[in-house]
Amino acid sequence: MSELEKLDVGVASIGEIFNLLDGDENTKFSPQKPNFENLRIPNYQRPYRWTTKNVNELIDDILEAMNNKKSEYLIGNIILHKNKDGDKEYFDIVDGQQRLTTLALIFYLQGKDEVNLLANEVDSNSITALEKNFNIIKKSKKRDDKFINFLKEKVIITYTITNDLDQAFILFSSQNTRGKPLDDKDLLKGHHIRFINRKTTQQECAKEFEKTLREKRNNSDVFSIVLTLLSIIKSGSKSELQGVDLLSPNIYENFKSEFLSDDIIFNNYHNNFIATSSVQGGEAFFKYLKKYTELYNGLTQDEIFTCYENLWGGNLYLARTYQAIILFYRDKFNDDSYDIEKALQILLLNFRLEKDSVRKESVASDFEKWFKEIEFASNKEVFKNKLKEYIRNNILFKNGFSADGQRKKFEEKTYFINEIKKEFTNEK
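Predicted model only: the values in this text are computed from it and were never measured. (Residues numbered from 1 in each chain as written. Predicted model: local features only at pLDDT ≥ 70, side-chain atom pairs only at ≥ 80, totals over all residues. Heavy atoms only, no water.)

### Some details on the pairing of strand β4 (residues 88–95)
Here's step 1: Most of β4 is tucked away: 6 of the 8 residues are buried.
Here's step 2: Relative to β4, strand β2 (residues 39–40) runs parallel, the two sharing 2 bridges. Paired with Leu39 across the bridge in β4 is Phe91.
Here's step 3: By the bridge criterion, 7 bridges tie strand β3 (residues 73–85) to β4 in an arrangement that is antiparallel. Counterpart to Lys82 in the pairing with β4 is Phe91.
Here's step 4: Counting the residues that bridge the hairpin from β3 to β4 gives 2 residues, and of these Gly86 lies at a positive phi of roughly 70°. (Buried < 20%, exposed > 50% of the residue type's maximum accessible area, 1.4 Å probe, protein only. Helix = DSSP H or I, 4+ residues; strand = E, 2+ residues; numbered from the N terminus. Pairing = 2+ DSSP bridges.)

Given below as C-alpha cells:
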C-alpha cells in the first residue's frame, strides 16, 4: 500500500467537524465520514496565538460568503493524526488548531457547550488569547443565527487523516496554510514528545519548550540559534560541514531521535552527554536542548563571545563559526581563559582580510578541521597547542590591517584587535 493510500482524505462541513448537525445534514458532505467527536490539541502544538485581526478576518470572510449567497465556502484544510490514548481514539490536530479553536469559541458563545476543544487550551498565554478573542467575538454584532447556521452548514473544510505522525508532519511542512506554520523546532517538539510515556512529563516538556521559545536574541528565538550552532558542531566534528549549515541547517533531520533507551541508560546519558552525542528520543532531547540553551545564554553575557554579532553577509558565516567553536570548546573543556577566543579571532581575521568577499562554502571548508580537533583532543592543552602551532606556521597577515568595506567592519568588531596588531606587526 502506498503512502497516499494510507491517508483518509475528504470534505466536511464545520457542523460535521464539531458534531453539531443532525439527520441528513450530518451526512451531506461525507456519508462515511470519521467521527470527529474526539478532536484534541496535542501537547506538541503551539499555544493558541490568534490575534484580533486574525479573528476578524475569519469572521469577515465567512460573512462575505454568506452575503454573496455562496452555496459552499471552503476555509482551508486540516491535518489530523489518528491516535489512541488507552482504549479511546482521538484525532490530534496537526494543522488547523488556530482556526478550529476560534470556531469553537464562536459556537461556545452560542451556547454549544458540547464543543469540548477549548478544554485542551490550558497554557497561560493561550488563556489570555482566548479571553481576548472571546470578548471580541462576544461584542460582535455579526454573530446572529443566520451567520451560525451558514457557518455550520455551508462553510466547509477539507481534511487529511493519517495514522503516522511523521507523515502528518511532512504533509504539514509541505503545504502553505493560513496562519503561521510549524517550523523545524515545532516538528522536533512533536517528534520527541511522542516518545515520552508520562502525560505530566509531556506537558512539562512542552510548556518549558514554549517558554524558552519566546526568548529572543537579535530578532531570532534562542532555540533557533542554539540548534544552528549545535548543527554546525555536529557536522564539523564528522567532517561533513557544508556551507548551507552556516546559513540554514536542516534542524529537524539533525536532531531527530537516533536511539531510544530505558531509564538506566537514560540517566547515564543525561549525566554525560556532549554536543556531539547521539540524540536520544524523548525527554533526553529536551534536557539536551536545555543544557545547551543555558550554556549559550551564559556565554552571551560575555562581550568576547558576542563581539561579532549583528554582522551580515560573509561576516555572518564567520561569526557563527566563531560562536560554534567556542560553544563546543567550552562545553568539552570548561576553560574560560580566553586563549581560544583570541586564537580564533586571529584565524578568522586573517581569513577575512585576505578576501574581498566571503563564501559560506569556503568558511565551512577552512574551519571544519577545528571541530574535529576538539572532538578528538584528549585535553584542552592538546587542542590549544595545535591551534597555536597552526597560527605560527600559517598566519602572516600578508595584506596588513588596512581593510575597507565588510572587511573593515569585521576588523572593528574583533575584540582583541589591538593585541593582534601588536603581535603581528611587532608594535611595542
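### Re unusual backbone geometry
Here's step 1: Phi at Lys69 is positive, roughly 55°, even though this residue is not glycine.
Here's step 2: Note on placement: Lys69 falls in the loop between α2 (52–67) and β3.
Here's step 3: Look at Lys69 and you get exposed, because its relative accessible area is 70%.
Here's step 4: Unusually for a residue other than glycine, Asn334 sits at a positive phi of about 50°.
Here's step 5: Turning to its location among the elements, Asn334 is positioned in the loop between α14 (314–333) and α15 (339–354).

### Side note on helix α7 (residues 184–193)
Here's step 1: Burial of α7 is extensive: 9 of the 10 residues sit out of reach of the surface.
Here's step 2: Of the positions making up α7, those classed as buried are Lys185, Asp186, Leu187, Leu188, Lys189, Gly190, His191, His192 and Ile193.

### With respect to the side chain of Arg99
Here's step 1: Of note, Arg99 is situated in helix α3 (residues 97–108).
Here's step 2: A polar atom in the side chain of Arg99 sits 3.0 Å from the backbone oxygen of Ile75.
Here's step 3: Sequence-distant contacts of Arg99, defined by excluding residues within four places in its chain, comprise Trp50, Ile75, Gly76, Asn77 and Ile157. (Polar contact = N/O pair within 3.5 Å; in protein donor to acceptor, adjacent residues only side chain to side chain. Contact = heavy atoms within 4.5 Å.)

### Considering the side chain of Thr201
Here's step 1: With respect to the helices, strands and loops of the structure, Thr201 is situated in helix α8 (residues 199–213).
Here's step 2: At 3.0 Å, the side chain of Thr201 forms a polar contact with the side chain of Arg198.
Here's step 3: With near-sequence residues (within four places) excluded, Thr201 lies in contact with Ile196 and Glu283.

### Considering the packing of α15 against helix α19 (residues 417–425)
Here's step 1: Direction vectors running N to C along α15 and α19 enclose 70°, while the axes themselves pass 10 Å from each other. Between α15 and α19, the crossing angle belongs to the class labelled roughly perpendicular. Mapping the contact onto sequence places Lys342, Gln345, Ile346 and Leu349 in α15 and Ile417, Glu419, Ile420, Glu423 and Phe424 in α19. (Axes fitted to C-alpha atoms, helices over the stretch in contact; angles between N-to-C directions. Parallel < 35°, antiparallel > 145°, perpendicular 65-115°, else oblique.)

### What about the confidence of the model for the chain?
Here's step 1: Taken over all residues, the pLDDT of the chain has a mean of 85, while the share at 70 or more is 86%.
Here's step 2: Per-element confidence in the chain is highest for helix α13 (residues 303–306), whose mean pLDDT is 98, and lowest for helix α11 (residues 263–272), whose mean pLDDT is 54.
Here's step 3: Low pLDDT, under 50, characterises residues 176–181; the stretch is placed with 8 contacts to residues that sit more than four places away or in other chains. (pLDDT = per-residue confidence, 0-100.)

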